[in-house]
Structures are given as structure tokens and as C-alpha cells.
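Breakdown of the fold
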Amino acid sequence: MATIGMHFGHDAGAALTDAGGYRVIEAERRLGLRHVCGGNGDFPRAAAEWLAELRARAASPVTRIAVADWYTPRCQVLPPALVELVGEDARWTAIGGTGLADAVTRVLKPLDWPLAKGFGDITLTAVRHHYAHAALAYYTSGARKALVLALDGTGNYAECGMVCLGDGDQLTPVLSFTNRTGPRFGLVYEALARRIHGSQFDTGKLLGLTATGETDAALLPVLRAMLLPQSTRRASPDLYEPLDEDLLTGTALRYADTWWEYDPDSGGYLDAGLADSSDDDVVHSFGSVFPDEIRTADGATTLIGTSPDDRVCRDLAATLQAAVEQDLTRLVTGLSRRFPSYATLCYAGGCALNITANSRLAECGQFTRVSVPTCCDDSGIALGAALAVADPADRPALIGRSGWTSLAYAGPSLGGLDALGQAAAPPADDLAARVRDLGLSVRGTADDEEFVEAVADLLAERRCVAWLEGGLETGPRALGHRSLLVSAHWPGARRYVSETIKQREWFRPVAPICPEEVADQYFTGPLDHAETMLFAVRVRPDRAGPLAEARHIDGTARLQTVRPDTQPLLHRLCHAVAARTGLPVLINTSANGGGRPILNHVDEALELLTETELDAVALPERRLIAE
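Quick notes on the rules
- Residues numbered from 1 in each chain as written.
- Predicted model: local features only at pLDDT ≥ 70, side-chain atom pairs only at ≥ 80, totals over all residues.
- Heavy atoms only, no water.
- Helix = DSSP H or I, 4+ residues; strand = E, 2+ residues; numbered from the N terminus.
- Rg over C-alpha atoms; globule rule 2.2 N^0.38 Å.
- Areas by Shrake-Rupley, 256 points an atom, 1.4 Å probe, with all protein chains shown as cover.
- Lys, Arg positive; Asp, Glu negative; His and termini not counted.
- Charge placed at Lys NZ, Arg CZ, Asp CG, Glu CD.
- Salt bridge = Lys/Arg side-chain N within 4 Å of Asp/Glu carboxyl O.
- Buried < 20%, exposed > 50% of the residue type's maximum accessible area, 1.4 Å probe, protein only.
- Core = buried A, V, L, I, M, F, W, Y, C linked by side-chain atoms within 4.5 Å.
- Contact = heavy atoms within 4.5 Å.
- Axes fitted to C-alpha atoms, helices over the stretch in contact; angles between N-to-C directions.
- Parallel < 35°, antiparallel > 145°, perpendicular 65-115°, else oblique.
- Nonpolar A, V, L, I, M, F, W, Y, C, P; charged D, E, K, R; others polar.
- Pairing = 2+ DSSP bridges.
- Right-handed = clockwise from strand over helix to strand, strands pointing away.
- Expected span 1.5 Å × (residues − 1).
- Arc of directions from axis to C-beta.
- Polar contact = N/O pair within 3.5 Å; in protein donor to acceptor, adjacent residues only side chain to side chain.

The next thing to look at is the overall build of the protein chain. Of regular secondary structure, the protein chain possesses 19 helices and 26 strands. For the protein chain, the C-alpha radius of gyration of 24 Å lies close to 25 Å, the compact-globule estimate for 627 residues. Seen along its three principal axes, the alpha-carbon backbone of the protein chain occupies a region of about 75 × 60 × 45 Å. Accessible area of the protein chain: about 22,700 Å², with a carbon and sulfur share of 48%. For the protein chain, the distance from the average site of its 58 positive side-chain charges to the average site of its 81 negative ones is 2 Å.

This is how it looks when you write it as C-alpha cells:
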């Protein structure tokens, strides 16, 4: 029987799992608003439509609905029993204590819930936020035994993470983390992103900025004490590294007009003052506000700016990244030793989007594989909730190296394709007329080979092409289904696609695509983890010149390798471009305008084509190219 999951927090959505596969609907891509939550006015009507769509898509009757336990009072379609659970059940909302296994799922009564109408007799289950992250990571990995880690800014109740053990069809929670004691990797990262870039959702920009700065040795221990106070480090030295007190004595943080001196008892700054505060105050204090000034142990003070062009901000970003990588690697190594015999690490939550930290984990020597789902952030919470309560038979079997694609491309097909006619046939009259009205042309190709060669010609001619095929990617990364592509062979390619077309900041990285069988000729690092663009690799020094447009400032690259069995046309395209340019590497970024969600309709693609410097739209499933 099929199971549907729902998430009402930011990056809201709905998802389905059954034996036939997954289906993921991300609210932002339907409503056109980044990071939208259930409090949006259009959400109630849209959510009912999504549930009906998923129910029709299911290969068997839907008998279970799971809802993640985050909620906002503005959301009008919450199950009343969920509101009661979160608001009144002290055992459910407790964190960091015993009995965790009893507080990760809870069956609710679906009474007076409008969205349940039409489903008949269903089982409604609430799923804890971080357990949903963990379930997504484990059940989509294909592993049958794994250490599972979820880390983010915060879920509910000031909880910021969870550790579970996956064995067969069972996922058992064993440890919960709280922002009261750390690790606050996500919250502090969000606070600095908000200060420099303006939003807590700009952590990706902050990660890109880290490559432009240098680590400040005097600031490093201060930031590490913000992430994890000494009291926590002393209590669990197997998980956290105690800091040198000499590097902290005399340090302080200034927020507005108040200096918070380092407190040796708590081993932090705000920690003592927030001991009796509410969960919301704890989360706000660490996650919403970054200090205005930092005093280091040598008595020097650093005034924190608010611009990515400020050298202090860039060095601070680099220093925070170094702090996160050091403490995250120590934590994961300690967890591996505390729970031995788990060769696979499954990792999810917003922190798992930190690709350079992910590479540290992949190369730390503790695991044979680190598995990160493409929608590891809150966009995967709905599916994670569904997987947490689904019957094992309704979790698709993931066999072989291509198993990751069932999740990566579990979004809906490109809208508007039904108006384009069939392969090798002229486009429908209404589309042709619209294209002419827009001043564009559409050409068809006879077969896949002619289509790939035509697109390769465009790329070799220094053109940018939107490549749109198959199911929409889940999560924030475009993986060759909703991608803007340029060839990496020409100077200016990165600026053209990133700054001219998408109007992104100068320091934002782009992502190279390369055939797997030749990737080691151009890149080094965890290449066996590079299919989903969630790990950083390094450009080979002897290839730095030819790949100058595809490498980031620090020499790394957010690589996606492609294989003929998973991306046959894109794989062929790389080689076709290489035949023309000598370089089988394409530059990839998501198909969307600045500040907008990844597109998923032909009309949106044509709008991007007419309103930006985009040169062409390629539709592999119809072998059509619009220019």
C-alpha cells in the first residue's frame, strides 16, 4: 500500500512512496516562491491538489499519510491532532534525553482534517523533523546497514540533529542534539549568511564566499566555542575536541551595545544567559543574529561588516567553514567509534549541502561510502516522513549504481511538453505560432544523434543552452534535467552563464559536468561520490588552465560525473563537444532566473529565453531546439 508524506515548514511539499518509486512535489516550484511554507495563502488549495495528484499516481491504494511535526499557526490545513501533539505533549517535545525512540513517530487521529477527506480509512502519523531527515537518508541510500546522521539549523524544540542506526528495515534513533548545547553548525552558519547576504537561506552563497577568504587563527577558537561550548566538549570528549582555554580567556562578542565575555563555566558566550530562556529565544539568539564585533585573546577587536566585498567578511566566512569542518569531522569520527561496524554513513539535513565538509567526511577514512540524498535539506522532509512510516514493501528497492536516480529525478515531468507533438514531428501549430510571436524559431531533428550534434554545435559556438529532460530534480541542485549548459572551453563562459544570464554574484561557483570514465584525467578527490554534485573535488594542477572557467577560486569544483546508463544523451553531448573543442567538460547551473525556483514548464523556459541572454532551449524528449 502506498504512503504519502507532507511537510508544512519552509521548503514545504508533499511526496509519495510505493513499490513503483517516489514522487516528490516541492511547493516552491509549484507556487513560484522560494522556500515557501504552509503559511502561504495559496498553500491550502494547492496542497489538496497535490494530494489528489499523488493519490492518482500511486500504484496501490494510499493507506498511510505521514506529516512532519513542524507547523506554523498561519497554516490552515494542519491536522488538529498535530497541533495538539506539538503544543501539549511534553514527552514528544523533549530533546536530548532518554526515550527518544518513543518520540519520533506518533499515530494521530485524522479527525476534522480537510485534507484527509477522500482517502477513506487511513493511518495518520506525525514524524519528528530530524527522524524524517534520517529516514530519507537511510531508505534512499540502498544501504542495509548504516550510521545515519541528520544535522541542520533547527527543527522543532531547539533540536538541531539526530543520530540513528540503520539495520535492514529498521531505523533506530540513539542520540539527539540540541542548539542549547550544540553542535550549532547550521545555526551559526545561517546567522553569518543572514548578516553578509541578507537571508538565512543564503548559506550556499556563504559557502561560495569562503573560497575568497583566509582562515584567521585568532578568530578560529572563538567561532568553535560558538559552535560548541567547552562544557559540551568536556562532557563528550569522544565526540568533540576540547579547546585551549588560553585561546579563549579574554575573548568576547559584542551584540549591539552589549559585550558578552567568555564564560569559563559554560565555556561559551551567550550560553549562560540563555540557560533559562525559551527554545525560540535560543534558536533566535544563535541563528538570527551574528555578533557585531569579536574580541580575540590577544585583545584585538574585529568589526564585522555586512558585505561580501568586505575582506573581514570573506576571512570570517573562511574561518567559520574551517571551524565547521574541524568539529564536524571530529564528531563523525567519534560517532563511528562509538557505534562501530557501520561502514556506510548516511547524512542529511541542511548541513549536508556543505559540499566541502562532505568531502572531508568522504576522505576521513572512517567509511567506505558517505551517502547524501539530493534533497537532503527540508525539501526532502515530506518524502522522509513517508519513508519513516511506510511498509518496507513500499520503499523501492535500490539496486546497483543507478539507484540514486530514482530519488534525484523524482519530480514531475516538464509541463507543456504535450503541446509539442511527438519526436521528429513538427511542433504543434499553437506552439509554433507562439514561438513566432516571441521572435523565436523551433527546429526538429530526426534522431538522438542529430539532436546531440546540433546542441554540441551550439555549445562549441559559445552559446548557452537550457537542457530540459525527464523528471524534475529533487533538492536544490540541477543535475542535467533542468540545467543551463555552456562549454568550459572558452574564456568568459562562467561569467556569461552565471552573471549575465542568472545575474548571480561574482564569487558563486559553477558546476562542471564530465563523463565518468575520463573524470580522473581532469579532477582528483572523491570521484566515486561525484554523481550528484554534493561533494567537492579538486581540479588537477595540470588542467587548471583549460578548466579555468569550471574551477572555483580555491581550485575545487562541484563536479557531476555522468554515465551512459544514467544520462545517455548528456554523456554523448560531453563527448560531442570534446570532438569540437578538445574538452569534454560542460559548465552547468540550474535553469532559472535570479531569485526564482528551478523552472518546470516550457512556457517558463521560453520566458527565460526571451528575457535573458540565454541562446537556446533543448528538449531531448522531443528532439526540438528553440532559439
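Our focus in this paragraph is the pattern of salt bridges. In this structure the tally under the stated criterion is 38 salt bridges. Glu245 is the partner of Arg234 in a salt bridge, and the nearest nitrogen-oxygen pair spans 2.8 Å. Placement of the pair is Arg234 in helix H9 (residues 230–235) and Glu245 in the loop between H9 and strand S10 (252–255), with a sequence separation of 11 residues. Glu531 serves as the salt-bridge partner of Arg563, at 2.0 Å between the closest nitrogen and oxygen. Here Glu531 lies in the loop between strand S20 (523–524) and strand S21 (537–539) and Arg563 lies in the loop between strand S23 (560–562) and helix H18 (568–581), a separation of 32 residues in the sequence. For the pair Arg563 and Glu531, a shared accessibility class is recorded, and that class is buried.

Okay, the nonpolar core next. Membership of the largest hydrophobic core comes to 109 residues, with the highest contact counts inside it found for Phe290 and Tyr347. Ignoring sequence-local partners within four residues, the contact set of Phe290 consists of Val188, Ala191, Leu192, Arg195, Leu223, Met226, Tyr255, Ile304 and Leu316. Among the nonpolar cores identified, the runner-up in size contains 43 residues, and Val497, Val518, Phe523 and Leu559 belong to it.

A few words now on the packing of helix H6 (residues 185–197) against helix H11 (residues 311–338). Each pair of packed helices gets described by two things: the angle between the helix axes and the distance between those axes. Running from N to C, H6 and H11 cross one another at 170°; their axes reach a closest spacing of 11 Å. With respect to each other, H6 and H11 are oriented roughly antiparallel. Of H11, the residues touching H6 (which contributes Phe185, Val188, Tyr189, Leu192 and Ile196) are Cys313, Leu316, Ala317, Leu320, Gln321, Val324, Asp327, Leu328 and Leu331. A class-by-class count of the residues in the contact of H6 with H11 yields 12 nonpolar, 1 polar and 1 charged.

What follows is about the packing of H6 against helix H10 (residues 279–287). Direction vectors running N to C along H6 and H10 enclose 55°, while the axes themselves pass 7 Å from each other. In this view, H6 runs oblique relative to H10, as classed from their interaxial angle. For the pair H6 and H10, contact is made by Leu187, Val188, Glu190, Ala191 and Arg194 and by Val283, Phe286 and Gly287, respectively. Looking at side-chain class alone, the contact of H6 with H10 contains 5 nonpolar, 1 polar and 2 charged residues.

Once that is clear, we can look at the environment of Ala47. Structurally, the position occupied by Ala47 is in helix H2 (residues 43–57). Residue Ala47 is classed as buried on the basis of its relative accessible area of 0%. Taking the C-alpha atoms as reference points, Ala47 and Ala12, 35 residues apart in sequence, are found 9.8 Å from one another. Contact partners of Ala47, with chain neighbours within four places excluded, come to Met6 and Leu115.

With that settled, the discussion passes to the pairing of strand S14 (residues 344–348). Where burial is concerned, most of S14 is hidden: 5 out of the 5 residues are buried. Taking every second residue as pointing to the same face, both faces of S14 are buried, with Thr344, Cys346 and Ala348 on one and Leu345 and Tyr347 on the other. Note: S14 against strand S15 (residues 369–371), 3 bridges, orientation parallel. Of the residues in S15, the one forming a bridge with Thr344 is Arg369. Since S14 and S15 lie parallel, the crossover through helix H12 (residues 355–362) that links them has a hand, and here it is right-handed.

Reading across the sheet, the 4 strands line up as S11-S10-S12-S13 and stay open at both edges, with antiparallel pairing between neighbours. In the strand order of this sheet, the two ends are held by strand S11 (258–261) and strand S13 (301–303), each with one partner. Strand-to-strand twist of the sheet, defined as the mean angle between neighbouring strand axes without regard to direction, takes the value 20°. In this sheet, S11 lies alongside S10 in antiparallel orientation, the contact comprising 4 bridges. Bridge pairing in S11 places Arg254 opposite Trp259.

Let's shift gears to H2. In this model H2 runs 20 Å from its N-terminal to its C-terminal C-alpha over 15 residues, within 8% of the 21 Å that 1.5 Å per residue would give. Those residues of H2 that fall on the buried side of the exposure criterion are Phe43, Ala46, Ala47, Trp50, Leu51 and Leu54. Each buried residue of H2 sits inside an arc of 140° when the element is viewed along its axis, so together they form one side. Looking at the buried positions of H2, the neighbouring elements they touch are strand S1 (2–7), strand S2 (13–18), strand S3 (21–26) and helix H1 (27–31).

Another aspect to go through is H18. The terminal C-alpha atoms of H18 lie 20 Å apart, and with 14 residues this matches the ideal 20 Å at 1.5 Å per residue to within 8%. Where H18 is concerned, the buried positions are Leu569, Leu570, His571, Leu573, Cys574, Ala576, Val577 and Ala578. The inward-facing, buried residues of H18 contact helix H16 (448–460), strand S17 (465–468), strand S18 (482–487), strand S19 (511–515), S23 and strand S24 (586–590). Of the residues flanking the end of H18, it is Gly582, one or two places downstream, whose phi is positive at about 85°.

Okay, the side chain of Glu473 next. Within the secondary structure layout, Glu473 lies in the loop between S17 and S18. There is no salt bridge for the buried Glu473, and the closest opposite charge comes from Arg482, which lies 5.1 Å off by N-O distance. Here the side chain of Glu473 touches His481 through a polar contact of 2.8 Å, landing on its backbone nitrogen. Discounting chain neighbours no more than four positions away, the residues touching Glu473 are Glu26, Arg29, Ala408, Tyr409, Ala478, Leu479, Gly480, His481, Arg482 and Ser483.

Here the amide bond leading from Gly182 into Pro183 is cis, since omega sits at 10°, within 30 degrees of zero. As for its position among the elements, Pro183 is in the loop between strand S9 (170–178) and H6. Unlike most non-glycine residues, Arg462 shows phi in positive territory, near 65°. In this fold, Arg462 is placed in the loop between H16 and S17. Its relative accessible area of 45% is what places Arg462 among the partly exposed residues.

The subject of this paragraph is the sheet that holds S2. Pairing is mixed in the open sheet, where 6 strands are placed in the order S3-S2-S1-S4-S6-S5. Bordering the open sheet on either side are S3 and strand S5 (105–108), each of which pairs with just one other strand. In this sheet, adjacent strand axes meet at a mean angle of 20° when their direction is disregarded. Where S1 and strand S4 (residues 62–68) come together, 5 bridges link them in parallel fashion. In the strand pairing of S4, Thr3 is matched with Arg64. Across the sheet, H2 lies against S1, S2, S3 and S4, angled at about 165° from S3, the strand it touches most.

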